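Below are the chains, spelled out letter by letter.
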Amino acid sequence: MSGLKRMMLGAIAAGLMAGVAPAKADFWADAGKDLAGTTIRGVSESTPPSNYVKDVLAPAFTKATGINVEFEATSWDQMYDKAIKDMEANTGIYDFVYIEQDAVYGYLARDFLVDLTKFFEENPKLKAPDYDPANFTTFANYFKGKDGDLFGVPMEAFIKVYLYRKDLFEDPEVKAAFKAKYNRDLAPAKTHAEYTEIADFFTQWGKDKGIELWGTTVQANTGHPSSWYEYVETVAPTFGVYNWGIDAANNYAATVEHGGKMNSPEAKAALEYWLALLKNAPPESTASTWDEVAATFGAGRAAQGLVYGENAAWIATDANKSKVVGKVGVALPPVEPGVMEAAEAGTGYIGYYDGGAFGIPHSSKNKAAAALFLEYIAQPSVQADWAVAGSRITLQGTYDDPKVKAQDAKTDGYYTLMRDQGKLFAGAPPYPFHNQLRETVAPIFYQAITGELSASDALDQMAAASEAELTKLGYRK
Amino acid sequence: MRSQSVGWLFLAPTLLILFVFGVWPFVYVTVISFFHWNSFAADPTMRFAGLGNYRELVFDKGFLMALWNTLKFGVFAVVSQIILGYLLAQLFMKDFPFKGFFRTIHTLPLMIAPVAVGATWRLMTVPGLGPIPYYLDKWFGYEFLISRYVGQAFLTTVVMDIWHWTPLVTLTLLAALSSMPKEPFEQAQIDGANRVQTFWYVTLPMLKPAILSAVFIRLMDAMRTVDEVWMLTGGGPGAATRYIGLYIWRVVFPKTDYGYGSAMSLITLYLTIVLCWLLYAGLVARRDLRKPE
């Protein structure tokens, strides 16, 4: 090829590049032109996906648009407290707030949030070329109103999975010892009985070897609602107790007497099973929330556990934070007979599909800038790195990205499991009284963990207290 | 007349602040306490409840338990702080090497924010990481697990409060001891009083105003303890350290039950005033009544 031809081709290529690439870049610069210098404020729970937004996406957005982002990543309790107070008092401190999947129903009932579908219809100039709600996974449906309009842009979605120490499960010495003791091969548990056996085995193994290893993690904090969540969202469904044991269609009945299942024999079996795991859990378990459970597993102190998937990536791949890099296996949680079949048939579920979205409160004073930010984080181009860092996926196309596929291999197929088996999991029930009911029953639940109440008594009291509270709130007639 | 106007003018900013941050919130809370108001109820508007919220309080096991826990916490913490504070004050009255250094060190906890104190104690007590459970297990084979054992959790919150606030009592009593005249003590020595008699009949009566001040301040503080305990135990395990401040916080904020929470706040304020009045009546007014004319 002659030098002239090369130059001409180069010029054509440069021209094409100039014609295509800046088109996208220009949108953010153009859209941000009138808003440059504006500062938008947001609040979210401090999680790996949120911290990625704070550290990477927010600065990139500022660079692209000139709009500053003050991103507050705080504790779960504080996040709720600050967001709700701001929206209730209409103070307009926050321009975007984290909407946890289980909180969205309360927020919609109170009409706290801007209808994003309508907002972009009314402001077509703010519609980014890359933003397309059709790209979202079905998790986005949790953030839709009755008419199908979107009220939050999903920013994280993950399942609570069964993590196990693959290195231990595949160790010939361990396998032989397990087989000798239980007369079966060591493999990730499919049932609760198997899970308990494995927990017993590894706790004893740790004692015998003089190492700090226990059979399981348990999210059993005795003063924080995370323990109650582990029971109602993760354990009870695997025993066939769904939606916290409350039958919304039956006048929000919670007690067996009135048609609920909160204190049913299945619920009591679930709580007894879970409480019995404590003897095989590290001592920090009764002080552990979701964060500490992940830290316990990452520190190599438990052979297996049910861990929020947002932590799967760092536990399996980040050697700066985790001692079990390359040693993590991923599986579906153990279930009682019949529960998996019900989940596959769509009449039940086997665990929690967690996540959240960012929404714009009506009280926001910078809705246009906030809307641009939400579109920015929903672009397909930013998803892969975010998914790798925070093991979250909100766009269907992200699963096929080479970076995600590479990370999938390092996490023993966590992403594939979420894509293929995510349908077996479910978000929280659509109750607008989420916090109110939790605060009513959680103190009773804590007493079951400390042994002040038996599992049976605790659930009886919780069911009765639930009905009383729902009556007081006006939902139960 | 003019001087009165000038006086009111100077007072105005203080009165305004007092009204905005003291009187108005009190009136607002009082009004709300007579309403059912939960923003996440089926009907989120305010509905007049009369004395309904107050009636509910009487049968609320959680509230009564929180109240009882708070009283226990207050009594254990304040009594310990007074005794330890007195002993430390007496120690600092004597001369010993590096006295100034130790006196400074001993007051350092006072400068730490309660939330930081709670976080520090949490780090010290968390199993698998904290030194306290580690060494108790290593040296004595004692399982220290405040997230599971109710008694340990309660005791730890008391000890934390003692650690944080004893220096305040020490400084109060040290100031009182330093300003005492020598004559009564010399007189007692001449009369042949032993150390116990001197303490009981001379030191204690003269210290009484300072002790009462410390008791009142610390008791009122104990009744509204929230942040330290929130950080350390979150109110657990179970309801063991769910003191009244924490209980009210949970009702008002996560539960958004504003009417009921307001009623609870007012009753707690009332009970604190009654408690202080009873103490005053028992320890001061009765003695004054018995004084010969």
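Residues numbered from 1 in each chain as written. Chains lettered and ligands numbered in written order. Predicted model: local features only at pLDDT ≥ 70, side-chain atom pairs only at ≥ 80, totals over all residues.

Quick look at the overall build of chain B
Item 1. Within chain B, the secondary structure is distributed over twelve helices and two strands.
Item 2. Expressed along its principal axes, the backbone C-alpha trace of chain B runs to roughly 75 × 75 × 40 Å.
Item 3. Counting all 293 residues of chain B, 32% fall into the buried class.
Item 4. Across chain B, contacts joining residues at least 24 apart in sequence account for 70% of those joining residues at least 6 apart. (Helix = DSSP H or I, 4+ residues; strand = E, 2+ residues; numbered from the N terminus. Buried ≥ 20, exposed ≤ 12 C-beta atoms within 10 Å, placed from the backbone. Contact = placed C-beta atoms within 7 Å.)

Points about unusual backbone geometry
Item 1. Cis peptide bonds are those with omega within 30 degrees of zero, and the linkage from Gly236(B) to Pro237(B) qualifies with -5°.
Item 2. One non-glycine residue, Asn251(A), lies in positive phi territory at about 60°.
Item 3. Looking at where Asn251(A) falls in the secondary structure, it is placed in the loop between α9 (226–235) and α10 (265–277).
Item 4. Judged by C-beta crowding, with 15 C-beta atoms within 10 Å, Asn251(A) ranks as partly exposed.

As for helix α3 (residues 76–89) of chain A
Residues and elements named next belong to chain A.
Item 1. In this model, α3 (14 residues) spans 20 Å end to end at C-alpha, consistent with the 20 Å of a helix rising 1.5 Å per residue.
Item 2. Taken as a whole, α3 has its buried residues at Met79, Tyr80, Ala83, Ile84, Asp86 and Met87. Buried residues of α3 fall within an arc of 165° about the axis and therefore sit on the same side.
Item 3. Elements that come into contact with the buried residues of α3 comprise β1 (39–45), β2 (68–74) and β3 (96–100).
Item 4. Asn90 sits one or two positions beyond α3 and adopts a positive phi of about 60°. (Expected span 1.5 Å × (residues − 1). Arc of directions from axis to C-beta.)

Things to note about the packing of helix α3 (residues 61–93) of chain B against helix α9 (residues 195–223) of chain B
Residues and elements named next belong to chain B.
Item 1. Running from amino to carboxyl end, α3 crosses α9 at an angle of 145°, the nearest separation of the two axes being 9 Å. You can see that α3 and α9 cross each other, and the crossing is right-handed. Here α3 contributes Thr70, Phe73, Gly74, Ala77, Val78, Gln81, Ile82 and Gly85 to the contact with α9, which in turn contributes Ile211, Ala214, Val215, Arg218, Leu219, Ala222 and Met223.
Item 2. Broken down by class, the residue content of the contact of α3 with α9 amounts to ten nonpolar, four polar and one charged. (Axes fitted to C-alpha atoms, helices over the stretch in contact; angles between N-to-C directions. Left-handed = near helix turned anticlockwise from the far one by under 90°. Nonpolar A, V, L, I, M, F, W, Y, C, P; charged D, E, K, R; others polar.)

A word on the environment of Ala316(A)
Residues and elements named next belong to chain A.
Item 1. Note on placement: Ala316 falls in helix α12 (residues 312–317).
Item 2. With 24 C-beta atoms packed within 10 Å, Ala316 lands in the buried category.
Item 3. Sequence separation between Ala316 and Gly329 is 13 residues; the distance between their C-alpha atoms is 8.6 Å.
Item 4. If near-sequence neighbours (up to four positions away) are discounted, Ala316 is found in contact with Val325, Val328, Lys410, Thr411 and Asp412.

Details of the environment of Ala42(B)
Item 1. Mapped onto the secondary structure, Ala42(B) falls in the loop between β1 (35–36) and β2 (47–48).
Item 2. Once you skip the residues sitting within four places of it in the chain, Ala42(B) turns out to touch Leu473(A), Gly474(A) and Tyr475(A).

Examining the pairing of strand β7 (residues 353–359) of chain A
All names here are of chain A.
Item 1. Among the seven residues of β7, seven are classified as buried, and the element is accordingly described as predominantly covered.
Item 2. The alternating pattern of β7 places Tyr353, Gly355, Ala357 and Gly359 and Asp354, Gly356 and Phe358 on opposite faces, both of which are buried.
Item 3. Taken together, the four bridges between β3 and β7 define a ladder with antiparallel strand orientation. Note that in β7 the partner of Val97 across the bridge is Gly359.
Item 4. One ladder, built from six bridges, connects strand β4 (residues 153–165) with β7; its direction is antiparallel. Directly across from Phe158, in β7, lies its bridge partner Asp354. (Pairing = 2+ DSSP bridges.)

Some points on the domain arrangement of chain A
Residue and element names in this part refer to chain A.
Item 1. The domains assigned to chain A are domain 1 (12–158 + 355–424) and domain 2 (159–352 + 430–473).
Item 2. Placing the centre of domain 1 and that of domain 2 at their C-alpha centroids yields a distance of 30 Å.
Item 3. Listed by partner, the interface residues are 26 residues for domain 1 and 24 residues for domain 2.
Item 4. Of all elements in the fold, only α2 (48–65), α4 (104–109), β4, α15 (383–390), α16 (402–410) and α17 (414–421) reach the threshold of two or more residues within the side of domain 1 that touches domain 2.
Item 5. The biggest single contributor to the side of domain 1 that touches domain 2 is α17, with four residues. (Domains from an automatic or database assignment.)

Digging into α9(B)
Residues spaced three or four apart along an α-helix face the same direction, because each turn holds 3.6 residues.
Residue and element names in this part refer to chain B.
Item 1. Taking 1.5 Å per residue, 29 residues should reach 42 Å; α9 reaches only 35 Å between its end C-alpha atoms and comes up short.
Item 2. Of all the bends in α9, the greatest, near 55°, is centred on Lys208, and the proline Pro209 appears no more than four residues after it.
Item 3. For α9, the full list of buried residues reads Ala210, Ala214, Val215, Arg218, Ala222 and Met223. (Bend = angle between axes of the 7 residues up to and from the residue.)

Overview of the confidence of the model for chain B
Reading fine detail from the predicted coordinates is not recommended where pLDDT is low.
All names here are of chain B.
Item 1. For chain B, per-residue confidence averages 91 on the pLDDT scale, and residues scoring 70 or more make up 96% of the total.
Item 2. Of all secondary-structure elements in chain B, the lowest mean pLDDT belongs to helix α12 (residues 258–290), at 85, while helix α7 (residues 150–178) reaches the highest, 96.
Item 3. Model confidence for the complex: the whole-complex pTM is 0.87, and ipTM, which rates the interface, is 0.85. (pLDDT = per-residue confidence, 0-100.)

Quick notes on the confidence of the model for chain A
Item 1. Taken over all residues, the pLDDT of chain A has a mean of 92, while the share at 70 or more is 95%.
Item 2. Predicted confidence for residues 13–24 of chain A stays below pLDDT 50, and this span has two contacts to residues more than four positions away or in other chains.

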